[in-house]
Amino acid sequence: MELRVILALMQNVRLPFLDIVLSKTQRKTPTVIHKNFKISRIRNFYTRKVKFTQDSFDEKLGSILSDFPVLDDLHPFLSSLMNVLYDKNHYKLALGQLRTARHLIDQVAKDYVRLLKFGDSLYRCKQLKRAALGRMATIMRRQKDPLAYLEQVRQHISRLPAIDPNTRTLIICGYPNVGKSSFINKVTPADVDVQPYAFTTKSLFVGHLDYKYLRWQVIDTPGILGHPLEEMNTIEMQSITALAHLKSCVLYFMDLSEQCGYTIEAQCKLFHSIKPLFISKPTILVLNKSDITTLSSLPTSTQSLITDITSNPTGDHPVTLVECSSARVEGKIKKIGGGVSSISTSSSTSSSVLNRLHVSVPQKRDDVAREAFIPDKVKEQREKGEKMYDKEDPGRRKLLRDREVEEGGAGVFNINLKESYLLADPDWKMDIMPEIMDGKNIADFIDPDIVEKLEALEREEEKLVQEGFYDSDPEDSDFDSLDEEEEQDSRVTEKSRSARLNSQATKKSLKNHAKLIKLVEVKWHLRFNISTKNATVQRNRSVQRNLPNSNLPHLRSPSNITRSLRYLKSISFNNTIRGCTSVQISLSWIYLSPNKSRSD
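Residues numbered from 1 in each chain as written. Predicted model: local features only at pLDDT ≥ 70, side-chain atom pairs only at ≥ 80, totals over all residues. Heavy atoms only, no water.

## Notes on the sheet that holds strand E4 (residues 249-255)
The cut-off we apply is this: Strands are treated as partners if at least two bridges between them are detected by DSSP. Secondary structure follows DSSP: runs of H or I at least 4 residues long count as helices, runs of E at least 2 residues long count as strands, and numbering of each begins at the N terminus. To obtain each axis, a line is fitted to C-alpha atoms, and for helices this fit is confined to the stretch in contact; angles are then taken between N-to-C directions over 0 to 180 degrees. Should any heavy atoms of two residues lie within 4.5 Å, those residues are considered in contact.
One open sheet accounts for 6 strands, arranged E2-E3-E1-E4-E5-E6; its pairing is mixed. In this open sheet, the two edge strands, each paired with only one partner strand, are strand E2 (205-211) and strand E6 (319-323). Averaged over neighbouring strand pairs, the angle between their axes works out to 25° when direction is ignored. With respect to the sheet, helix H7 (residues 180-187) is in contact with strand E1 (169-174), E2, strand E3 (214-220) and E4, its orientation differing from that of E1 by roughly 150°. Strand contacts of helix H9 (residues 264-273): E1, E4, strand E5 (283-288) and E6, with the helix running at about 160° to E4, the strand carrying the most contacts.

What follows is the structure, given as structure tokens:
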């Protein structure tokens, strides 16, 4: 998590907190109330205002508490940097006070909402509302200092650079005014302020460098003085924090010309004092301003101090010496990049990985020459100079590709995988595989004579058709004629009935009467057991009859059901077949009403 995440913090920390919340409550809640309203309505009116104010405070404080990072959840570098810049205890205390204020506001709102339930007048409810909002405002006025402190933290964090603790990093450190900022301005697009006095750089600056298709993060740190760690100020502690927590390559800059105001002995002493921070980090000693003074021009005693640094490695990594000048940048990146590359390849991590790798080389087991096997036919073709495969040769062996082209090409051609089966008998390749269900072969349950039996049944059916067994009965014509007569009668009766119902007098008399359920059709099912000399044939018939309207009125009354059955029975028996031993009649009425249909 980067510190830049807090750049998106809401501006409500610095705005008049109370004015925002109370104004929002006034705008978003009802404003009209009267003493003549019901007491329940008055209570709900003021309860809503108290709850809305509580929700507004809770929303504002919750956004602040959630947007500011939790130090324990940050990377150790970011957590230590915030501790150096803002004091971890003060930071946690300010957030804790806001968290307590939010809890107190919730408790106040809960208490006064309970009291508003017992308010017996407009005046009492209004006073309770004012007391609740007043106590909430008092709680927030006490948070003036924490809010001001957090606003300063927010503004400062928004100006910090985005440092990724997990990427390749170069850290530039050393005494003030030794050329660190000039170097980062030359090798990266960063624009760091450079002045001829100490502590021009007061915070961390970040640039990015591409070398051999790799992106490097270059961090310019403020200058470090040679006094103890306890006496270092906030500016120096930022450099110490970066060296202590970031996994990086360290570039320690020294000014051999001593124009920075510090002697070479002091600079060497500073290197030894912060050397514990370089353990397990590749280290490069950069002798800057070599255009003014070179290492060879220094006295032997001074050269021995620098030689002492390079001869003592920092942990597993030796100290690499590079001379350069910020005024002349040619070759600088290659020198330092070469030093970084050489250090990176000889790191303990890469060495441990290489130690676990083993490349095995096959060894001859004897002196016998084992040449590749080439078929004799191929050797003959090679000796004759013939082509191994000629597309134009009509007698060539057909390949699967040729079959694909002949049988429709890609997307149409299907490969027959059975051709490549290796079986004891090649004739078995095209056999149909048995279908197994529940561990049993389906073919075992198939009747082998089923085709012959089906043909016998078809011949018997054709014979019955020729003999006229399935011809229609003569009685069907009687039923058809009856249907036509009844249909005509029903049409005439329906017309006269509709004309009578549509008359003005009928409409007026039936205006307030409930509409009667109309019986529109009757179905009956006749089941015949026909006894003949040869056999007894059982048939079912379903006949639909539209009864004449003259017969409909007596069907409307349940008391006349018997009369209806007699009428239907007389119709059915007069049209049955001779020799019928029994007739079973089942009736079904279909009723229609103005709203829905119902069958009974």
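On we go.
## Considering unusual backbone geometry
Its identity as a non-glycine residue notwithstanding, Glu258 has a phi of 60°, on the positive side. By the secondary structure assignment, Glu258 is in the loop between E4 and H9. Even without being glycine, Ser280 reaches a positive phi, approximately 65°. Counting through the fold element by element, Ser280 comes out in the loop between H9 and E5.

## Let's talk about the nonpolar core
Note the following rule: We define a nonpolar core as any set of buried Ala, Val, Leu, Ile, Met, Phe, Trp, Tyr and Cys residues linked to one another through side-chain atoms lying within 4.5 Å. Only protein chains enter the accessibility calculation, which uses a 1.4 Å probe; a residue is then buried when its area is under 20% of its type maximum, exposed when over 50%, and partly exposed in between.
Tyr91, Leu150, Tyr252 and Ile306 are the most contacted members of the largest nonpolar core, which totals 94 residues. In terms of residue count, helix H4 (residues 88-116) provides more of this core than any other element does, 11 residues in total. Beyond its immediate chain neighbours, meaning those up to four positions away, Tyr91 contacts Phe68, Pro69, Leu71, Met82, Tyr86, Tyr149, Leu150 and Val153.

## Looking at the pattern of salt bridges
To keep things clear, this is the line we draw: Salt bridges are defined by distance alone: a side-chain nitrogen of Lys or Arg within 4 Å of a carboxyl oxygen of Asp or Glu.
Taken as a whole, this structure holds 13 salt bridges when the rule is applied. The partner of Asp366 in a salt bridge is Arg370, with the nearest N and O atoms 2.9 Å apart. Relative accessible area serves as the criterion here: at 30%, Asp366 is assigned to the partly exposed category. Here the salt bridges share partners, and the residues they tie into one network are Arg403, Glu407 and Glu419.

## Regarding the packing of aromatic side chains
Filter applied, for reference: Each Phe, Tyr or Trp ring (for Trp, its six-membered ring) is paired with any other whose centre lies within 6.5 Å, and the angle between the two planes then decides the class: stacked below 30 degrees, edge-to-face above 60, tilted in between. Charges are assigned to positions over rings by a cutoff of 6 Å between ring centre and Lys NZ or Arg CZ, combined with an angular limit of 35 degrees from the ring normal.
By the definition in use, this model includes 7 aromatic pairs. Seen in terms of ring centroids, Phe45 and Tyr46 are 4.9 Å apart; in terms of plane orientation they differ by 90°. Their pairing is edge-to-face. Feature note: the residues Tyr252, Phe271 and Phe278 constitute an aromatic cluster, connected by ring pairs. It is Arg41 that lies over the ring of Phe37; its NZ or CZ is 3.9 Å from the centre.

## Examining the packing of helix H3 (residues 76-86) against helix H6 (residues 144-158)
Stated formally: These descriptions rest on fixed angle ranges, namely under 35 degrees for roughly parallel, over 145 for roughly antiparallel, 65 to 115 for roughly perpendicular, and the rest for oblique. Should the near helix be turned counterclockwise from the far one by less than a right angle, the crossing is left-handed, whereas a clockwise turn marks it as right-handed. Each residue receives one of three labels: charged for Asp, Glu, Lys and Arg, nonpolar for Ala, Val, Leu, Ile, Met, Phe, Trp, Tyr, Cys and Pro, and polar for the others, Gly being one of them.
Relative to each other, H3 and H6 sit at 125°, their axes nearing to 12 Å. Judged on the interaxial angle alone, H6 and H3 are oblique. Relative to H6, the crossing made by H3 is right-handed. Where H3 approaches H6, its residues Met82, Leu85 and Tyr86 are matched on the opposing element by Tyr149, Val153, His156 and Ile157. Along the lines of polarity and charge, the residues of the contact of H3 with H6 split into 6 nonpolar, 1 polar and no charged.

## Concerning the side chain of Thr188
Cut-off, in case you're wondering: Each polar contact in these results corresponds to two N or O atoms within 3.5 Å; when the atoms are within protein, one needs to be able to donate a hydrogen and the other to accept it, and residues that are neighboring in sequence are counted only if both atoms are side-chain atoms.
Relative to the elements of secondary structure, Thr188 occurs in the loop between H7 and E2. Within the local environment of Thr188, its side chain forms a polar contact with the backbone oxygen of Ile184, the two atoms lying 2.5 Å apart.

## With respect to the packing of H4 against helix H5 (residues 122-141)
The contact between H4 and H5 brings their axes to 10 Å, and the two run at 175°. What the angle tells us is that H4 and H5 run roughly antiparallel. Every residue of H5 that contacts H4 at Ala101, Leu104, Ile105, Val108, Ala109, Tyr112, Leu115 and Leu116 is listed here: Cys125, Leu128, Ala131, Ala132, Arg135, Met136, Ile139 and Met140. Looking at the contact of H4 with H5 residue by residue, the classes come out as 15 nonpolar, no polar and 1 charged.

## Digging into the confidence of the model for the protein
Just so we agree on the cut-off: Per-residue confidence from the predictor is reported as pLDDT, which spans 0 to 100.
Put simply, the protein has an average pLDDT of 75, and 72% of its residues get 70 or more. In this model residues 516-561 is a low-confidence stretch, pLDDT under 50, and it forms 110 contacts with partners more than four residues away in sequence or in other chains.

## Considering a negative patch on the surface
For clarity, the cut-off: Patch rule: a residue counts if its relative accessible area is over 30% and it has no salt bridge; like charges are joined within 9 Å, and nonpolar side chains (Val, Leu, Ile, Met, Phe, Trp, Tyr) within 5 Å. Computed by Shrake-Rupley with a 1.4 Å probe, the accessible areas treat only the displayed protein chains as cover when residues are assessed. Positive: Lys, Arg. Negative: Asp, Glu. His and the chain ends are not part of the count. Working definition for charges: the position is that of NZ of Lys, CZ of Arg, CG of Asp or CD of Glu.
Together, Asp449, Glu452, Glu455, Glu458, Glu460, Glu461 and Glu462 line one region of the surface with negative charge. With respect to the element layout, Glu460 can be found in helix H15 (residues 450-467). Overall, Glu460 belongs to the partly exposed group, its relative accessible area being 48%.

## Examining a nonpolar patch on the surface
Together, Leu400, Ile415, Leu417, Tyr421, Leu423, Trp428 and Met433 give the surface a local cluster of nonpolar side chains, amounting to about 710 Å² of exposed area. Structurally, the position occupied by Leu423 is in the loop between helix H14 (400-406) and strand E7 (436-437). On the basis of relative accessible area, Leu423 is assigned to the partly exposed category, the value being 38%.

## Section: the side chain of Ser79
Looking at where Ser79 falls in the secondary structure, it is placed in helix H3. Residue classification places Ser79 among the buried residues on the basis of a relative accessible area of 16%. Within the structure, Ser79 has its side chain in polar contact with the backbone oxygen of Leu71 (distance 3.4 Å).

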